[in-house]
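# Results of the structural survey
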Amino acid sequence: MKRAGILLFAAIPVVVTAVVYVATPGDSGPSSSQPTSAAAQARADAKARAERSEKSQDDEVIADAPPGLAAPKKKELAQQLVASAENSTLDWRSTYGYIEDIGDGQGYTAGIIGFCTGTHDLLTLVERYTKAHPGNGLAGYLPALRKVDGTDSHEGLDPGFTADWKEESKLPAFRAAQNSERDRAYFDPAVRLAKLDGLGTLGQFVYYDAMVFHGPGTGPDGFYGLRERALKEADTPAEGGSEKAYLDIFLDVRRKAMRAKRPGIDTTRIDTAQRQFLYDGNVELRRPLRWRVYGETYQVP
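Reading the values: rules and limits
Residues numbered from 1 in each chain as written. Predicted model: local features only at pLDDT ≥ 70, side-chain atom pairs only at ≥ 80, totals over all residues. Heavy atoms only, no water. Helix = DSSP H or I, 4+ residues; strand = E, 2+ residues; numbered from the N terminus. Buried < 20%, exposed > 50% of the residue type's maximum accessible area, 1.4 Å probe, protein only. Contact = heavy atoms within 4.5 Å. Areas by Shrake-Rupley, 256 points an atom, 1.4 Å probe, with all protein chains shown as cover. Pairing = 2+ DSSP bridges. Arc of directions from axis to C-beta. 1 Å grid on protein atoms, 1.4 Å probe; cavity = no way out; pocket = protein on both sides within 12 Å on 5 of 7 lines; lining within 4 Å. Points joined across faces, edges and corners; volume = space filled by probe spheres on them. Nonpolar A, V, L, I, M, F, W, Y, C, P; charged D, E, K, R; others polar. Expected span 1.5 Å × (residues − 1). Phe/Tyr/Trp six-rings, centres within 6.5 Å; stacked < 30°, edge-to-face > 60°.

So, about the overall build of the protein. Helix and strand counts for the protein stand at 12 helices and 5 strands. Per-residue burial for the protein yields a buried fraction of 39% across its 301 residues. Taking the contacts inside the protein whose residues are at least 6 apart along the sequence as the reference set, 57% of them involve residues at least 24 apart. Accessible surface, the protein: about 16,000 Å² in total, of which carbon and sulfur atoms supply 55%.

Listed below in structure tokens is the structure:
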């Protein structure tokens, strides 16, 4: 359609085009563009002020809220819960060097929360790490990582990338980089939004685990898309709704999204973990904690 439009315009005599240009008021000249630019700038300034004000109000809400999942012991528990579902272990620190293609169409999955070569977050991690530590053992793969981003391809990564990832993951600096990217892209945004929605520690973990599994996308299957779908069916506690009812709906929406994408997928990270905590009334993730994922039982005393 776009090409046809160009051809049609080209067939019109040039003189007609010139007449239209001259006869259309306000198309040229500084006197007509200045007010428009001023009005646009005023609108942009007003929007920026509104956003700053909203952020300031949100910051006050966060400051007044209990630490929740951000408390050190709760954050440690959150990593154990995620590791049980992502790597079938509670020892999440043993997963810095983990890397394999699990056949989900996202290329290599690696590290403490499953950074993927096909979903941009592994590329971002290596880019930020390389900026802070030039010449590291993964820097040479950046051109290939940019090329395969958004695909499941291994082009330019095999055969050395997996071995080099494992080797780099022995270094404290790269482990710290994984922690930092996890917090920046996943943990902090999830916990912040959960607190603004009025959710307790369990709800904050529910958001975090969904962010890790589905990614921080705004599409229908990304975390923010799932939240929007849940909001159409239930009010958050911040809106006067029931925390249990809202989280139950959110978990339903998430479970459906997982099965729609991969029929037959194991959803026990929801069914016999998060939803079980919810039905037990353990909204603050109090210990001792016991759950099942993929048929294995885990507990934190």
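By the bridge criterion, 5 bridges tie strand β4 (residues 289-293) to strand β5 (residues 296-300) in an arrangement that is antiparallel. Bridging across to β5, Leu-289 finds its partner in Val-300.

Once that is clear, we can look at helix α7 (residues 161-168). Of the positions making up α7, those classed as buried are Phe-161, Trp-165 and Glu-168. For α7, the angular spread of buried residues about the axis comes to 70°, placing them on one side. Elements that come into contact with the buried residues of α7 comprise β1 (99-100), β2 (109-110), α5 (121-132), α6 (142-148) and α8 (172-196).

Below, the discussion takes up the layout of surface pockets. Estimated volume of the largest pocket: approximately 750 Å³. When residues of the lining of the largest pocket are traced back to their parent elements, those giving at least two are α4 (72-86), α9 (201-214) and α11 (243-261). Of the residues contributing to the lining of the largest pocket, the split by class is 13 nonpolar, 10 polar and 8 charged.

Another aspect to go through is α4. In this model, α4 (15 residues) spans 21 Å end to end at C-alpha, consistent with the 21 Å of a helix rising 1.5 Å per residue. For α4, the complete set of buried residues consists of Leu-77, Ala-78, Gln-79, Gln-80, Leu-81, Val-82, Ala-83, Ser-84 and Ala-85. Buried-residue contacts for α4 involve α8, α9, α12 (268-279), β4 and β5. Note on α4: the residue one or two positions beyond its end, Ser-88, has a positive phi of about 55°.

Structurally, Asp-183 is set in helix α8. Overall, the relative accessible area of 15% leaves Asp-183 in the buried class. Not counting residues up to four positions away in its chain, the partners in contact with Asp-183 are Lys-75, Asp-188 and Pro-189.

Looking now at the packing of aromatic side chains. All chains considered together, the criterion is met by 15 aromatic pairs. Arranged with centres 6.2 Å apart and planes meeting at 55°, the rings of Phe-161 and Trp-165 form a pair that is tilted. Of this pair, Phe-161 and Trp-165 both sit in helix α7, separated by 4 residues, roughly a single helical turn. Both residues of the pair, Phe-161 and Trp-165, count as buried.

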